[in-house]
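Architecture and fold: a report
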Amino acid sequence: MESVTLSSIQAARARIGEAIHVSPCHLSHHLSELTGLPLYLKLENLQRTGSFKERGALNKLLTLSEAERTHGVITASAGNHAQGVAFHASARGIRAQIVMPLATPQVKVAATRGYGAEVILHGASYDEACERLCVARSKRAAPLSIPSTIWRLFPARAPSDWSCLNRCPDSKPSLLPIGGGGLISGIACALKETNSKIRVIGVEPEKLPSMLRAREAGAPVTINAEATIADASPCAAPAT
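On a predicted model such as this, the values are computed, not experimentally measured, just so you know.

Summing up its helical and strand segments, the protein chain has eleven helices and ten strands in all. For the protein chain, with 240 residues in total, the buried portion stands at 44%. Here the contacts in the protein chain between residues at least 6 apart in sequence split such that 60% fall between residues at least 24 apart. Accessible surface for the protein chain amounts to roughly 12300 Å². Of this, 55% is attributable to carbon and sulfur atoms.

For the structure on display, the rule yields four salt bridges. In this structure, Lys42 engages Glu44 in a salt bridge whose closest nitrogen and oxygen atoms are separated by 3.2 Å. Since its relative accessible area comes to 18%, Lys42 is described here as buried. On the basis of relative accessible area, Glu44 is assigned to the buried category, the value being 11%. Because the salt bridges share partners, they merge into one network encompassing Lys42, Glu44 and Arg55.

Here we take up the side chain of Gln83. Mapped onto the fold, Gln83 is located in helix α5 (residues 80-91). If we ignore the near neighbours within four places in the chain, the residues touching Gln83 are Thr49, Lys108, Ala111, Thr112 and Tyr115.

Turning next to helix α10 (residues 182-194). Helical geometry note: an α-helix holds 3.6 residues per turn, so side chains three or four residues apart project in the same direction. Between its terminal C-alpha atoms α10 stretches 19 Å, which fits the 18 Å expected from 13 residues at 1.5 Å a residue. The set of residues buried in α10 consists of Gly182, Leu183, Ile184, Gly186, Ile187, Cys189, Ala190 and Leu191.

Our next topic: the packing of helix α3 (residues 54-62) against α5. Viewed as axis vectors pointing N to C, α3 and α5 meet at an angle of 45°, and their least axial separation amounts to 8 Å. Taken together, the axes of α3 and α5 are oblique relative to one another. The hand of the α3/α5 crossing is right-handed. On α5, the residues that touch Glu54, Ala57, Leu58 and Leu61 of α3 are His81, Gly84, Val85, Phe87, His88 and Ala89. A per-class count over the contact of α3 with α5 returns six nonpolar, three polar and one charged.

In this structure, strand β4 (residues 96-100) lies alongside strand β5 (residues 118-121), joined through four bridges in parallel fashion. Bridging from a neighbouring strand, Gln97 pairs with Glu118 of β5. The parallel pair β4 and β5, bridged by helix α6 (residues 106-114), forms a crossover whose chirality is right-handed.

Turning our eyes to something else, we now look at the packing of aromatic side chains. Within this structure, the stated rule accounts for one aromatic pair. Here the aromatic rings of Phe87 and Tyr115 are separated by 5.5 Å at their centres, their planes lie at 70°, and the arrangement is edge-to-face. With Phe87 in helix α5 and Tyr115 in the loop between α6 and β5, this pair connects stretches of sequence that are 28 residues apart. Taking the relative accessible area as the measure of exposure, Phe87 reaches 24% and is therefore partly exposed.

Let us look at the packing of α5 against α6. Their axes nearest at 8 Å, the elements α5 and α6 cross at an angle of 15°. By the criterion of interaxial angle, the relationship of α5 to α6 is roughly parallel. Two packed elements cross with a definite hand, and for α5 against α6 that hand is left-handed. From α5, Asn80, Ala82, Gln83 and Ala86 reach across to α6, where they touch Lys108, Ala111 and Thr112.

Rules behind the numbers
- Every chain is numbered on its own, with residues counted from 1 as its sequence reads.
- Totals for whole chains, interfaces and linings use every residue, but because this is a predicted model, local features are given only for residues with pLDDT of at least 70 and side-chain atom pairs only at 80 or more, for both listing and counting.
- By convention in this description, side-chain values take in all heavy atoms of the structure and omit both hydrogens and water.
- Labels follow the DSSP assignment, with helices taken as runs of H or I lasting at least four residues and strands as runs of E lasting at least two, numbered in each case from the N terminus.
- Only protein chains enter the accessibility calculation, which uses a 1.4 Å probe; a residue whose area is less than 20% of its type maximum is buried, one above 50% is exposed, and one in between is partly exposed.
- A contact between two residues is defined here by any heavy atoms of the two lying within 4.5 Å.
- Per-residue and other accessible areas were derived by the Shrake-Rupley procedure at a 1.4 Å probe size, with only the shown protein chains allowed to occlude residues.
- Salt bridges are defined as contacts in which a side-chain nitrogen from Lys or Arg sits within 4 Å of a carboxyl oxygen from Asp or Glu.
- The length a helix should cover is 1.5 Å for every residue beyond the first.
- A fitted line through C-alpha atoms represents every axis, and for helices the fit uses only the stretch in contact; the resulting angles, taken between N-to-C directions, go from 0 to 180 degrees.
- In this scheme, roughly parallel covers angles under 35 degrees and roughly antiparallel covers those over 145, while 65 to 115 is roughly perpendicular and the rest are oblique.
- Less than a right angle of anticlockwise turn of the near helix away from the far helix marks a crossing as left-handed, whereas a clockwise turn marks it as right-handed.
- In this classification, the charged set is Asp, Glu, Lys and Arg, the nonpolar set is Ala, Val, Leu, Ile, Met, Phe, Trp, Tyr, Cys and Pro, and all remaining amino acids, among them Gly, are polar.
- Criterion used throughout: strands pair if DSSP finds at least two bridges between them.
- Handedness of a crossover is defined as follows: orient the strands so they point away from the viewer, and if the path from the first strand over the helix to the second runs clockwise, the crossover is right-handed.
- Only Phe, Tyr and Trp rings take part, Trp by its six-membered ring, and two of them pair if their centres are within 6.5 Å. Stacked means planes under 30 degrees apart, edge-to-face means over 60, and tilted covers everything else.

Here's what the structure looks like:
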């Protein structure tokens, strides 16, 4: 498996080109006043599907062979990755089938279908949706699976914060959300290779500290599901 490096991140950024616009990075006066520090926000919610995950999905789709494009793609997602795959696959004439947990917010299900993907609702969790993905894949002509944690998504997700670094070169700590680990993995690599002095701080829900527990265990772990305001909080995360 190819390593995620600054050069692979630069290649991914060049590959997706103008298909995804550069999100603005603005100083938040209100949050800066509350914290006593200059705090910049990267407005990824302004992307077409409202999430940074478009980058990774598009990067992967652009690396498919003609045969793979013909077979189509299939993935499991709780919403944001699903929309990114659906939108960019449809725009390129690639069939997309997406398995989503039953508890996925209806607005995300509707949006995914609206972007042209076939949606299968199954399971009480992302893991159960992944199990259904395997069944669906076996019934088709071996469509390419794009799980939301696949390595090729990581380098394309990094530019979402790298462009902010270019605008704020003196920024010190970088606060990054930890979900499945894709965003923080790519960004941490880009930031550290660009400026090793930058401190990367991961943030996750207190009720679902999956990365913290994985680091303590030294291996991926599964923790009990809890209700939080983050509708895509994971049950497991890789140790780093």
